[in-house]
Each structure stands twice: as C-alpha cells, then as structure tokens.
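# Examination of the molecular architecture
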Amino acid sequence: VAKLKESVVLKVTPTAPLRRTIQEAATVLRRGGLVAFPTETVYGLGAAALEPAAVRKIFEVKQRPEWDPLIVHVGSVAMAGTLARNLPASFEALTARFWPGPLTLVVERSERVPDEVTAGRPTVALRMPRHKVPMMLLEELKAPIAAPSANRFGSPSPTRAGHVLKDLDGGVDLVLDGGPTLLGVESTVVDLTQSPPRILRPGGVSREDLESVSGPMPVGPSVEDERVQRAMKSPGLTAKHYSPQATVELFGGELHEILEQMVARAAALQARGTPVGAIASREMMYSLQAHTDYVSCFGKWGEWLRYAQRLFAALRIMDANEVVVILCPLPPAEGIGLAVRDRLLRAAGKETPHT
Ligand code: AMP
Ligand code: MG
C-alpha cells in the first residue's frame, strides 16, 4: 500500500534546541498543523489549543474518542490564568512547587478554551512542561498547545520519536526527535475542583511530594466520576489502556517471590511453545534468561525511575519481537512506583485500585 504522506523529522538537542527548528515547529502550529515533540514525560502530539479545527486533527490522527479531553500545555502560570476561572489556593501552592514539571492540574475553564479540548466539560487540564523543546515552542508561539501523548489511542505511550512514527507516520506534519524521554511515564493529573484534590492519574510527580504541599490526596476517579463515566458507555471505559498486542501478566510481592513465580510461569509457557518475554531487574536476569525469548532489563531492584523510563519501550519492543505473553514485576506503590504500577495494571486490562 502506497503511503500518501510522510512526516518530516527534525533532530533536536534536548538541552539546547536550535531556535530555527523551534521557529519551524511554531509555524506548523500557527498554520493549524500537528507537531510531535519530546517532553520530560513522553512525546506529545501538539496543536494550537485555541484553534478548534487543529485540535480536531489530534483526535482524528490518534483515533481518540471525542469524550476523552486533552491536556493543555502552557508557557507560564499567567498563561494558565487566561484559560481558567475561580482558581483555588492549592493551585498557587502546587504550581509554585511543581511547575514547570510533570504535574497536570484540572481546574474550571474560561470561555477561551474550545469545547473540542475539554470534551465539553466545564473543566480544563493544564500543565507547564519542564523540557526545553516545549518550553521554547510555547515561548515562540505565545499561545497554549493542546498535546496528549503522541500514540494511537490505547497503545503504549511513545518515549522515543520512533514510537511516534510507528503509530502516526503521515498523520503528523513534523516530529521533533529529541531522543528518549527522561521520565517515561505521563504527568500526574490532579483534580483541583474536588475537595480534597484527587489524583486522577498517578505520574511523574509522586503522591508523597504532592501531599507534603497540599495535604492528603486520594487516588483514582471518585465514585461519582465513575458512575457518570459508566453511564456514557464508551469503549475507553474498559480499563485496558497503554496495551501492547501481547498479553501482560503481573507478579507482586518481595523480589524472591516474584522471581520464583515468574521463572515458573515462563518455564510453563515455553514448555507449551508460547513465545514469552519478561521485564526484569538485574538480579532477575540470570534465572529468567534461561526460560524466556526476550528479556528487557531496567536496572537494579528498587530503581523504579529506570523501570518507568523503560516500561513503554519494553512493551513495544516485545510486540515487535512477536512475544505472546509478557511477564512483569510490580513495584511497590511508592514514589514513581505508583505510576509504574498503574500503567502495568492498565496494560494488563485491570482497574487501578482506589485509595
Ligand atoms: P494523555 O495526555 O493522552 O495522557 O491524556 C490526557 C488525560 O488527561 C485524559 O485521558 C484525562 O484522563 C486527563 N484529563 C484531561 N482533561 C481533563 C479534565 N478536564 N478532567 C479530567 N481529566 C482530564
Ligand atoms: Mg495518552
């Protein structure tokens, strides 16, 4: 099948992007086009947030259901203020401490924000990224950028430019390739319209750090949100998200228990001729290699940031190697481990437990 169009790819140095590359990207956005760019979390698929036609292209290209709202990236707290209303005191405290950074805040929206961005909701999700590329792009554009993750809806988020091209080549006008992203999991989404604020999605800023600024924060959608969502009967309500083609199986507990169970499961699958892959810590490599077709090592047990950095790339590479079952250890629900657990549970098609 002939491809109609190819995306333009430009390399950028994450710490020192060239001004003219950023200007070129800003021009694409001003004309209503789509630009994929690295952030400190994952790659984003950006459009001018105040242009409904441009925002609609994001949904088309990602095949994202129209009820799923987008995160709006801003260049400053002042820009955020133009998109929001009735900001609570916690907004100031949280932005002072965590912006720029991997924290998205859901607040009441102003009339400037198009319905396309918020999926018709009275709220908008705002984030000020910490990566030089989006920071310079926002400075150049002088306007907010709507940008969800630059993957096809439901597939593992992109942590490299190659992942973006695999999912969206031709659909996006320009891809800025800044190499692998630093955190590897998405931003933490906190809903400030509820009291106390609620963590809707664990991510790059830990629950512990948020609670040290703003007090206790429950995790997961509220019972009311869940009721409304279910009433919408949309396909995304299935917990499955961030999923590879392969089946994901999870193993929790202490390192030695996890290892014992994963080796036993891998051996059983191999005995049946099922191609099996695993994500492993360095301590697990030796025993697992003997019983698996593909192992992706993230680092030492306890290095959860490295697990986060590698997770989505590992799921994608095992799909590329035609692994049928992927065995993954679950980190404890602390620090960035909470976000890794959440993505693993969703990749396996399970709900994140409420706390
Ligand atoms: P993505 O950037 O693709 O990881 O997706 C953005 C996510 O942010 C959505 O799937 C929602 O979970 C969340 N989000 C965005 N806007 C809102 C909002 N107004 N209210 C609640 N959650 C939101
Ligand atoms: Mg996403």
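Residues numbered from 1 in each chain as written. Chains lettered and ligands numbered in written order. Predicted model: local features only at pLDDT ≥ 70, side-chain atom pairs only at ≥ 80, totals over all residues. Heavy atoms only, no water.

Trp 99 connects to Pro 100 through a cis peptide bond whose omega is -5 degrees. Here Pro 100 is to be found in the loop between α4 (89-98) and β6 (103-109). Looking along the chain, the bond that leaves Ser 195 and enters Pro 196 is cis, with omega of 0 degrees. Assignment of secondary structure puts Pro 196 in the loop between β10 (188-191) and β11 (198-201). (Helix = DSSP H or I, 4+ residues; strand = E, 2+ residues; numbered from the N terminus.)

What follows concerns the side chain of Arg 343. Along the chain, Arg 343 turns up in helix α13 (residues 337-347). On the accessibility criterion, Arg 343 (1% relative accessible area) is buried. At a separation of 2.8 Å, a polar atom in the side chain of Arg 343 contacts the main-chain carbonyl oxygen of Pro 202. Other than its neighbours up to four places away in sequence, Arg 343 contacts Val 185, Glu 186, Ser 187, Arg 201, Pro 202, Gly 203, Tyr 242, Leu 311 and Phe 312. (Buried < 20%, exposed > 50% of the residue type's maximum accessible area, 1.4 Å probe, protein only. Polar contact = N/O pair within 3.5 Å; in protein donor to acceptor, adjacent residues only side chain to side chain. Contact = heavy atoms within 4.5 Å.)

The next point concerns the packing of helix α12 (residues 304-320) against α13. Describing two packed helices takes the angle between their axes plus the distance from one axis to the other. Across the interface, α12 lies against α13 with an axial gap of 9 Å and an inter-helix angle of 25 degrees. Overall, the two elements α12 and α13 adopt an arrangement that is roughly parallel. By crossing handedness, the relation of α12 to α13 is classed as left-handed. Counted together, Trp 304, Tyr 307, Ala 308, Leu 311, Phe 312 and Leu 315 of α12 and Gly 337, Val 340, Arg 343, Leu 344 and Ala 347 of α13 form the full contact between these two elements. (Axes fitted to C-alpha atoms, helices over the stretch in contact; angles between N-to-C directions. Parallel < 35°, antiparallel > 145°, perpendicular 65-115°, else oblique. Left-handed = near helix turned anticlockwise from the far one by under 90°.)

Model confidence for the protein chain is summarised by a mean pLDDT of 94, while 92% of its residues fall at 70 or above. Counting contacts from residues 233-238, a segment whose pLDDT is below 50, to residues more than four positions away or on other chains yields 7 contacts. (pLDDT = per-residue confidence, 0-100.)

Before going further, it helps to spend a moment on the environment of Glu 260. Secondary-structure assignment places Glu 260 in helix α10 (residues 255-271). Classification of Glu 260 as exposed rests on a relative accessible area of 60%. Once the C-alpha coordinates of Glu 260 and Asp 167 are considered, the two residues, 93 residues apart in sequence, prove to be 36 Å apart.

Turning to the packing of aromatic side chains, a few remarks are in order. The geometry of an aromatic ring pair comes down to the distance between the two centres and the angle between the two planes. Going through the model one piece at a time under the given rule, you end up with 6 aromatic pairs. Plain terms: the ring middles of Trp 67 and Phe 153 are 6.5 Å apart, the flat faces sit at 90 degrees to each other, and that makes the pair edge-to-face. With Trp 67 in the loop between α2 (52-62) and β4 (71-73) and Phe 153 in the loop between β8 (145-146) and α7 (161-168), this residue pair connects regions lying 86 residues apart in the sequence. Taking relative accessible area as the criterion, Trp 67 reaches 18% and is therefore assigned buried. For Phe 153, a relative accessible area of 23% translates into the label partly exposed. With a centroid separation of 6.2 Å and 40 degrees between ring planes, the pair formed by Phe 298 and Trp 304 is classed as tilted. For Phe 298, a relative accessible area of 2% gives the class buried. Among the aromatic residues, those joined into a cluster by ring pairs are Phe 298, Trp 301, Trp 304 and Tyr 307. (Phe/Tyr/Trp six-rings, centres within 6.5 Å; stacked < 30°, edge-to-face > 60°.)

With 17 residues, α10 should reach 24 Å at 1.5 Å per residue; the first-to-last C-alpha distance of 24 Å fits that figure. Listing the buried residues of α10 in full gives Ile 258, Leu 259, Met 262, Val 263, Ala 266 and Leu 269. Within α10, the buried residues cover an arc of 135 degrees as seen down the axis, which keeps them to one side. Exposed and facing more than 90 degrees away from the buried side of α10 are His 256, Glu 260 and Ala 271. Among the structural elements, β12 (247-251), β13 (276-281), α11 (282-289) and β15 (325-329) are those in contact with the buried residues of α10. Positioned one or two residues after α10, Gly 273 has a phi angle of 80 degrees, which is positive. (Expected span 1.5 Å × (residues − 1). Arc of directions from axis to C-beta.)

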